[in-house]
Amino acid sequence: MFFREADPQNKLSNISSHPQKNANTMTDQTNYQNLPENSAKTNISEAYIVNLCELQQIQLEMEQLKHDLKASESRFRNTIAKNADGIAIVNKQGLVCFANPSAEALFNCKAEELLGQAFFGNLVVEGSACDIEMDADIIPQVGETEAAGMRVVQTEVEAIRKHKANAVVEMRVVETEWEGEIAYLATLRDITDRKRAEEMLWLYDRAMAATSTGVAISDATNPEHPIIYCNPAFESMTGYRREEIIGKNCRFLQGSDTDSKALEIIRQALKTDSECQVILKNYRKDGTVFWNALSISPVRDKTGKLTHFIGVQRDITDRKKDEEALQNSEAQSREQSAQLAAALDELKNTHSQLVQSEKMSSLGMLIAGVAHEINNPVTFIHGNLAYLKDYAKDLLHLLALYQQHYPNPIPEIQQETKNNELDFLAEDLPKILSSMSIGVERICQIVQSLRNFSRHDDSQMKPMNLHEGIDSTLLILNHRLKGNGEMPPIEIVKQYGNLPSVECFAGPINQVFMNILSNAIDALDDPNSQLTFEEMSEKLSQIKICTEVVGNLVEIKISDNGPGITEEVKQRIFDTFFTTKPIGKGTGMGLSISYQIIVERHKGKLYCTSELGKGTEFTIKMPIVH
Ligand SMILES: Cc1cc2nc3c(=O)[nH]c(=O)nc-3n(C[C@H](O)[C@H](O)[C@H](O)COP(=O)(O)O)c2cc1C
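Please read these numbers as outputs of a predicted model, since none were measured by experiment.

Asker: Looking at this structure, I do not really get the overall build of the protein. What am I missing?
Answerer: Secondary structure summary: the protein contains 18 helices and 18 strands in total. Put simply, the protein has 626 residues, and 20% of those count as buried. Of the contacts formed within the protein by residues at least 6 apart in sequence, a portion of 56% connects residues at least 24 apart.

Shown next, in the form of structure tokens:
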């Protein structure tokens, strides 16, 4: 038999062990012949009865054994039939002599079709060609792996199936006995799916080895999330060997400066079994930094239970460096263009100021030149006028004496006296001379003012009488202040305090007074241009100039009672080229230059307050001494 079972075997062996007993029984039987006849008869009949009983007993036992045997064989057949593995018994010639239903299913054939077929080579082949030779040695790789003495071979073969693709089969062959002869029991397990899965696993493994993206898998059932797998890319990215990584939590890649916000995102994701993507600063084994674009995803089994987390790491250090470089260069470009814009603005300013101050300086020089030229003859006239007055007085006195002592001159003199209206002349001449004297005085004042205003020695600060500067400016602007047939005059109210000499650049300070006062006059004139002279005269235009000393500063307030300016205009009033005047009338530079002169050159303050409908006031504050 190709199988052995404990009970029947024992029972059979019980039977086979009887021969000894049977032999003894036979021996006993033989011995009966040697007994005396009577006793022999008695003994024979007794022995016969005994033997008969024994035989009956044996028969009964035999029946029982047969029954047990049948039951055991049926159990065995049942087991074989129900076995999930295909089982085939192959005789010494290699022909199938038994096949169970799983073998039928495996080969997709009925057992009758399989019986008698050459098993090796016909039904199973090793790879593409099977050259298992039955008689040469069916089991070349015989191993003594099982019970001592039992020859077992285990190999992978291909099962050739009817009308179906071949299956990969794990075949295990053991020697057995079939109908009294040596035979082979082949157990066939279909491992096609397992093989495919293994192949896929192998492919996945190759893919993992080929990718440059790091992959690390952690055990999600362990709160410490130890790494249970990492691919070669993860090793080369971090510089650690697999043995150093497995079993550890990946936090060993972090440093004290690893972004805590990113770590919090990971903690949350791990807590809520969800995905996350972060960019982390990590450190390689050699201490160098790399930027890790990490994405973590949960893995669940078929029941939905969380089993693992997969971390996918990409080294984005180069990208980060490029980004940083780009950001730096963008910031640099921005800074440079801001600097350029500022430089351009300053250049424009400086240019305009240069042009303006060049103009002012030319104007100053012109004024100074004219003042100088006028000064000489005027001084000459002024100086001689006194003598002229005296001489005229003397002559008129002499004439009066002549008239008194010679009341009747010759007719020719009488006629000439009449023609020249001598009485009127004598009365008017002193008046003319006085008037001339006043005029010359005035010219002298103007010349002095012009010379004051045009002081252009700006190489260093000098003490200046600010009131003189203001007055000179007012004098120059007098033609605009005194009014004409179209515009009524503008009243100037001076509230001068007791100012000491102030250290400053006189020319530029006069320029400031000129700019602010001209602006005030414009502010008063512009709205008036829409009104009739009478309407204008109803409201007296006024410019008020107040000066005082406040601490170590002088404060000069120049206000007008014009229409005032809006908040928006006020915000921009000192901006270069900002003007509210019509094109061609204002350059938008006067106040910006004034601001620069007061704030930058004199470390002072210049600001403006205004109330719509009430007027505007400019305040200058600057140190008395620098
Ligand atoms: C699968 C997986 C891969 C991870 N890979 C990294 C990694 O490459 N670099 C890193 O700094 N942190 C990585 N982490 C995050 C840390 O292991 C850890 O979860 C994080 O530091 C927050 O937890 P802690 O506060 O306990 O440190 C990974 C986490 C998991 C679950």
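Asker: Is there a simple way to think about the site of the ligand in this case?
Answerer: Taken together, the neighbourhood of the ligand is formed by 21 residues, with Ser218, Cys250, Arg251, Phe309 and Gly311 sitting nearest. Where the shell around the ligand is concerned, the elements lending two or more residues are strand 7 (214-219), helix 9 (260-271), strand 9 (276-283), strand 10 (289-300) and strand 11 (306-315). Residues of the shell around the ligand, tallied by class, amount to eleven nonpolar, eight polar and two charged.

Asker: Quick question: what am I supposed to make of helix 11 (residues 411-419) here?
Answerer: An α-helical segment advances 3.6 residues per turn. Residues three or four places apart therefore align on the same side. For helix 11, a buried count of zero out of nine residues is recorded, marking the element as mostly open to its surroundings. Phi turns positive, to about 45°, at glutamate 421, one or two residues after helix 11.

Asker: Just checking my understanding: could you explain the packing of helix 12 (residues 422-453) against helix 13 (residues 466-476) for this structure?
Answerer: Two quantities define a packed helix pair, namely the angle between the axes and the distance from one axis to the other. The N-to-C vectors of helix 12 and helix 13 enclose an angle of 115°; their axes lie 9 Å apart at closest approach. By crossing handedness, the relation of helix 12 to helix 13 is classed as left-handed. Counting all contacts with helix 12, which are made through Ile446, Ser449, Asn452 and Phe453, the residues of helix 13 involved are Glu468, Gly469, Asp471, Ser472, Thr473, Leu475 and Ile476. Of the residues contributing to the contact of helix 12 with helix 13, the split by class is four nonpolar, five polar and two charged.

Asker: Can you help me understand the sheet that holds strand 15 (residues 541-550) in this one?
Answerer: Pairing between sheet strands relies on hydrogen bonds along the backbone, with the strands arranged either parallel or antiparallel. If you trace the five strands from one edge of the open sheet to the other, you get 13-15-16-18-17, paired in mixed fashion. Of all strands in the sheet, those with a lone pairing partner are strand 13 (490-495) and strand 17 (605-611), marking the two edges. Direction aside, neighbouring strands of the sheet carry axes that sit 15° apart on average. Here strand 13 runs beside strand 15; their pairing, made up of six bridges, is parallel.

Asker: How should the environment of lysine 539 be read in this particular structure?
Answerer: As for its placement among the helices and strands, lysine 539 is situated in the loop between helix 16 (533-538) and strand 15. Spatially, the C-alpha atoms of lysine 539 and asparagine 561 are 9.6 Å apart, while their sequence positions differ by 22 residues.

Asker: Would you mind going over the environment of phenylalanine 505 with me for this structure?
Answerer: Topologically, phenylalanine 505 is positioned in the loop between strand 14 (502-504) and helix 15 (506-528). Overall, phenylalanine 505 belongs to the buried group, with 20 C-beta atoms counted inside 10 Å. For the pair phenylalanine 505 and lysine 462, spaced 43 residues apart in sequence, the C-alpha separation works out to 6.4 Å.

What counts and how
Residues numbered from 1 in each chain as written. Predicted model: local features only at pLDDT ≥ 70, side-chain atom pairs only at ≥ 80, totals over all residues. Helix = DSSP H or I, 4+ residues; strand = E, 2+ residues; numbered from the N terminus. Buried ≥ 20, exposed ≤ 12 C-beta atoms within 10 Å, placed from the backbone. Contact = placed C-beta atoms within 7 Å. Near = placed C-beta within 6 Å. Nonpolar A, V, L, I, M, F, W, Y, C, P; charged D, E, K, R; others polar. Axes fitted to C-alpha atoms, helices over the stretch in contact; angles between N-to-C directions. Left-handed = near helix turned anticlockwise from the far one by under 90°. Pairing = 2+ DSSP bridges.

Shape descriptors only; they carry no functional weight alone.
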